[in-house]
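If you want the building blocks of each chain, they are given just below.
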Protein chains: 2
Amino acid sequence: MTGKKTKLSKSNSEQRIRARNEAKILKSAVELFSRKGFDGTRIAEIAEASGLPKANVYYYFANKAAIYTRLIEGVLTGWDRALEHITPDREPREALSLYIAAKLDYSRKHASESRFFANEMLRGGKFLSRQQKRHMKEITREYARVIEGWMEEGKIVRVDPNHFLIMLWATTQFYADFSTVAAATVEKKHLTASDFETARSTIVDIILNNCVPPR
Amino acid sequence: MTGKKTKLSKSNSEQRIRARNEAKILKSAVELFSRKGFDGTRIAEIAEASGLPKANVYYYFANKAAIYTRLIEGVLTGWDRALEHITPDREPREALSLYIAAKLDYSRKHASESRFFANEMLRGGKFLSRQQKRHMKEITREYARVIEGWMEEGKIVRVDPNHFLIMLWATTQFYADFSTVAAATVEKKHLTASDFETARSTIVDIILNNCVPPR
DNA sequence: GTCTATATGTTGATAGAC
DNA sequence: GTCTATCAACATATAGAC
């Protein structure tokens, strides 16, 4: 109301600097939180990994929790996008293949986000807002209904739709969260793109060849 | 060499007290570590949860890492026991059903041990000794070979045996590590024995009915 | 074996010069 | 917007009386 215009609207360069530094902080933070959790991660570590002094981290974020909750929001968005492949009008074989591929792709390309969320789930989801919890439940319900619909139409065999969804999530998630174990299992130091491809075809084989009757 | 006998061999009551207090500490520690990880867990919290003063925790364990590594050893033992159901002489349907049931049972009854190990894997397994890593690899190899054997005999369909093993582990593990998500998915506050039973039959249905040809 | 007190170092967060 | 200096709170771990 009384502030001057130059005070209210930030300059372009200021905004760019803010955007760049926030991104640096968030990128370092998700990696650290994903490995050591909220309490285990030190602001000083985040600062060092971002190449910024610790005080600058506090310039951009009010406190540790503010960084953490911003990251949760980002992961939930990515989570939703993979699920968008499951639509009732698609044939189950196509929809589920696409979903499995997309989810594995997310596990490969956003491994630290995935681990970060896993860490938050191990904690019991204490940092999720009520709204975010509700959103996750609604999304789950929505897709469980699509799967149930396919079962009613006889397009896939009848099993418990909730546990069916859990299987999809568990198998694809594993390759991000426990990539150490997965890599050791295939006798490599790190999982490669071709390991992910083998994972994809194995999951599709086992889940789809059983559940979806041949055309 | 110079110590008196009474100094070398502890009395029965001393041993019992030690055993009881160590057990209390380990039980509290596994729950806390499983939720907050190594760096996130405070010795004071462990002490409080055990009902002992902090200094007593240090009387029984040299430091935080000593508690942590003792717990890892315990989890690996439990892990092995579930796998023992997979033997080459058994029919795949029987062996795999037993394994899935045993692993889910472990997830239900030892959820915090399971989460604890998941946390350690998220960290990348930094606390595992070289010996423990080798043991895990050998065990994995051994069971992958059993599965490969069944495939060669035509007893189960041919898929990648490593990724097949991963699927078994991922689906059963999920119900312990992400029980929050699983409970929300089935629209309950906590998973019950009957939820675990539905999980078991769904996993068995999807994995076995596809992979194991009907008798 | 139990427990209070404490040494020694870290941590989250802020003040305030530039 | 950047950064040094600093603080109060809290951490691990130990000393030593009981």
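All of the points below concern the structure found in this document. Predicted model only: the values in this text are computed from it and were never measured. (Residues numbered from 1 in each chain as written. Chains lettered and ligands numbered in written order. Predicted model: local features only at pLDDT ≥ 70, side-chain atom pairs only at ≥ 80, totals over all residues. Heavy atoms only, no water.)

Formed by 138 residues in total, the largest nonpolar core has its most connected members in Phe 33, Ile 67 and Tyr 175 of chain A together with Phe 33, Ile 67 and Tyr 175 of chain B. For Phe 33 of chain A, the residues in contact, after removing those within four places along its chain, are Phe 38, Thr 41, Ile 46, Lys 64, Ile 67, Tyr 68, Leu 71, Phe 116 and Asn 119 of chain A. (Core = buried A, V, L, I, M, F, W, Y, C linked by side-chain atoms within 4.5 Å. Buried < 20%, exposed > 50% of the residue type's maximum accessible area, 1.4 Å probe, protein only. Contact = heavy atoms within 4.5 Å.)

Before going further, it helps to spend a moment on the environment of Leu 168 of chain A. Residues and elements named next belong to chain A. Locating Leu 168 in the fold gives a position in helix α9 (residues 161-177). Between the C-alpha atom of Leu 168 and that of Tyr 99, which follows or precedes it by 69 residues, the distance is 8.8 Å. Setting aside anything within four residues of it in sequence, one finds Leu 168 in contact with Leu 96, Tyr 99, Ile 100 and Ile 207. (Helix = DSSP H or I, 4+ residues; strand = E, 2+ residues; numbered from the N terminus.)

It is worth spelling out the relation of the copies chain B and chain A at this point. Overlay of chain B on chain A (RMSD 0.0 Å): rotation 180 degrees, translation along the axis 0.0 Å. The superposition operator between the copies reduces to a two-fold rotation axis. Rotation axis and chain B: the residue whose C-alpha lies nearest the axis is Gly 40 of chain B, separated from it by 2.0 Å. The residues that chain B uses at the interface reappear at the interface of chain A in 100% of cases, marking a shared surface. (Least-squares fit on C-alpha atoms with pLDDT ≥ 70 in both.)

With respect to the secondary-structure elements, Asp 195 of chain A resides in helix α11 (residues 193-211). Within the local environment of Asp 195 of chain A, its side chain forms a polar contact with the backbone nitrogen of Thr 192 of chain A, the two atoms lying 2.8 Å apart. Setting aside residues up to four positions removed in sequence, Asp 195 of chain A forms contacts with Val 186, Lys 188 and His 190 of chain A together with His 163 of chain B. (Polar contact = N/O pair within 3.5 Å; in protein donor to acceptor, adjacent residues only side chain to side chain.)

A cluster of basic residues, Lys 126, Arg 130, Lys 133 and Lys 137 of chain A together with Lys 189 of chain B, forms a positive patch at the surface. On the accessibility criterion, Lys 133 of chain A (39% relative accessible area) is partly exposed. (Patch = residues over 30% accessible without salt bridge, like charges linked within 9 Å, V, L, I, M, F, W, Y side chains within 5 Å. Areas by Shrake-Rupley, 256 points an atom, 1.4 Å probe, with all protein chains shown as cover. Salt bridge = Lys/Arg side-chain N within 4 Å of Asp/Glu carboxyl O. Lys, Arg positive; Asp, Glu negative; His and termini not counted. Charge placed at Lys NZ, Arg CZ, Asp CG, Glu CD.)

If you check the shell around DNA strand D, you find 17 residues, and the closest are Glu 14, Asn 56 and Tyr 60 of chain A together with Lys 54 and Tyr 58 of chain B. Within 4 Å of the protein, the atoms of DNA strand D are drawn from sugar and phosphate moieties in a proportion of 62%. Contact distances for DNA strand D include 3.3 Å between a phosphate oxygen and a side-chain N or O atom of Arg 18 of chain A. Of all the secondary-structure elements, those providing two or more residues to the surface near DNA strand D are α2 (12-40) and α4 (54-60) of chain A together with α4 (54-60) of chain B. (Near = heavy atom within 4 Å.)

Bringing unusual backbone geometry into the picture now. Residue and element names in this part refer to chain A. With phi around 60 degrees, Glu 187 is a residue other than glycine that occupies positive phi space. Looking at where Glu 187 falls in the secondary structure, it is placed in the loop between α10 (179-185) and α11. The exposure class assigned to Glu 187 is exposed, which follows from its relative accessible area of 54%.

Counting residues at the interface gives 48 residues for chain B and 48 residues for chain A. The contact between chain B and chain A buries some 4600 Å² in all, and 70% of this surface belongs to carbon and sulfur atoms. Summed over the shared surface of chain B and chain A, the result is four salt bridges. Its salt-bridge partner being Asp 39 of chain B, residue Lys 36 of chain A comes within 3.7 Å of it at the nearest N-O pair. Our count for the contact surface shared by chain B and chain A stands at eight residue pairs in polar contact (both at pLDDT 80 or more). Residue assignment for the side of chain B that touches chain A shows that the elements contributing at least two residues are α2 (12-40), α7 (111-122), α8 (130-152), α9 (161-177), α10 (179-185) and α11 (193-211) of chain B. (Buried area = accessible area lost by both parts, 1.4 Å probe.)

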